[in-house]
Amino acid sequence: MAKLFLEVVTPEDALVSQEVDMVTAPGTEGEFGVLPGHVLFLSGIMPGELRYTDGSERGSLFVTAGFAEVSNDRVSVLVDAAENSTEIDVGRAKLAIERARERLEQERGKEDVDFRRAEAALQRALMRLKLAEKARL
Ligand code: ATP
């Protein structure tokens, strides 16, 4: 059966580099799925869950913002940060939620850079928590 080659890379690490059957990723225009034979495709990536299957193996990663390219049955995902859902540190995500909420409270009413940064940090931490909980089911 035809396969895809999936690479998920951050500036620090290559988290995934393997053949897979299918990939689903959080694109900036909405979630997209890739099967072998997909046409050339470029998309921004927003914080969310990237899933893949390889036979009976299922993978789930949290990815932050970045970029994806699908070309010649190769899916290359380049993001600022990513973790396997099973490796998410729940305590760290909870602390990040608290910090972001405090900052949002302080910056309330100001639609400035710090407010948007705190909002983005909160979204990342909430998503990490959600994926960590899902991975534990
Ligand atoms: P924090 O404030 O806790 O650093 P953050 O959202 O600012 O959270 P990122 O900038 O997205 O963190 O990521 C920085 C690095 O820390 C990356 O390598 C990322 O994989 C890792 N990381 C962040 N939060 C967690 C977590 N809860 N569990 C595991 N790794 C994490």
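Structure first, text after, so check above.
Below is a short write-up of the structure. (Residues numbered from 1 in each chain as written. Predicted model: local features only at pLDDT ≥ 70, side-chain atom pairs only at ≥ 80, totals over all residues. Heavy atoms only, no water.)

## Concerning the overall build of the protein
- Broken down by element type, the protein carries two helices and 10 strands.
- Moving toward the C terminus, one meets the helices and strands of the protein in the order β-β-β-β-β-β-β-β-β-β-α-α.
- Along the longest, intermediate and shortest principal axes, the C-alpha atoms of the protein span 55 × 30 × 25 Å.
- Classification of the 137 residues of the protein by burial places 38% in the buried group.
- Sequence-distant contacts in the protein: of pairs separated by 6 or more residues, those separated by 24 or more amount to 52%.
- Just so you have it, the protein exposes about 8,200 Å², and 51% of that area is on carbon and sulfur atoms.
- Across the protein, the centroid of the 18 positively charged side chains sits 5 Å from that of the 25 negatively charged ones. (Helix = DSSP H or I, 4+ residues; strand = E, 2+ residues; numbered from the N terminus. Buried < 20%, exposed > 50% of the residue type's maximum accessible area, 1.4 Å probe, protein only. Contact = heavy atoms within 4.5 Å. Areas by Shrake-Rupley, 256 points an atom, 1.4 Å probe, with all protein chains shown as cover. Lys, Arg positive; Asp, Glu negative; His and termini not counted. Charge placed at Lys NZ, Arg CZ, Asp CG, Glu CD.)

## Some details on a positive patch on the surface
- A surface patch of positive charge is lined by Arg92, Arg99, Arg103 and Arg124.
- Per-element accounting of the positive patch gives the leading share, three residues, to helix H1 (residues 90–106).
- Within the secondary structure, arginine 99 is located in helix H1. (Patch = residues over 30% accessible without salt bridge, like charges linked within 9 Å, V, L, I, M, F, W, Y side chains within 5 Å. Salt bridge = Lys/Arg side-chain N within 4 Å of Asp/Glu carboxyl O.)

## Here's the deal with the pattern of salt bridges
- For the structure shown, the criterion picks out eight salt bridges.
- In this structure, aspartate 21 and lysine 3 form a salt bridge, with 3.0 Å as the shortest nitrogen-oxygen distance. Of this pair, aspartate 21 sits in the loop between strand S2 (14–20) and strand S3 (22–27) while lysine 3 sits in the segment before strand S1 (4–9); the two residues are 18 residues apart in sequence, bridging distant segments of the chain.
- On the basis of relative accessible area, aspartate 21 is assigned to the buried category, the value being 14%.
- Assessed through its relative accessible area of 28%, lysine 3 is described here as partly exposed.
- A salt bridge links arginine 74 to glutamate 7, with the shortest nitrogen-to-oxygen separation between them at 3.5 Å.

## What to know about the packing of H1 against helix H2 (residues 113–135)
- Put simply, H1 and H2 touch, their axes get as near as 8 Å, and they point 155° apart. Relative to H2, the element H1 lies roughly antiparallel. The way H1 lies across H2 gives a crossing that is left-handed. Residues Val90, Ala93, Lys94, Ala96, Ile97, Ala100, Arg101, Arg103 and Leu104 of H1 form the contact with H2, whose participating residues are Phe115, Ala118, Glu119, Ala121, Leu122, Ala125, Leu126, Arg128, Leu129 and Ala132.
- Its residues assigned to classes, the contact of H1 with H2 shows 14 nonpolar, no polar and five charged. (Axes fitted to C-alpha atoms, helices over the stretch in contact; angles between N-to-C directions. Parallel < 35°, antiparallel > 145°, perpendicular 65-115°, else oblique. Left-handed = near helix turned anticlockwise from the far one by under 90°. Nonpolar A, V, L, I, M, F, W, Y, C, P; charged D, E, K, R; others polar.)

## Regarding the environment of glycine 109
- As for its placement among the helices and strands, glycine 109 is situated in the loop between H1 and H2.
- Taking the relative accessible area as the measure of exposure, glycine 109 reaches 76% and is therefore exposed.
- Each C-alpha atom, one on glycine 109 and one on leucine 95, is 23 Å from the other, the two residues being 14 residues apart in sequence.

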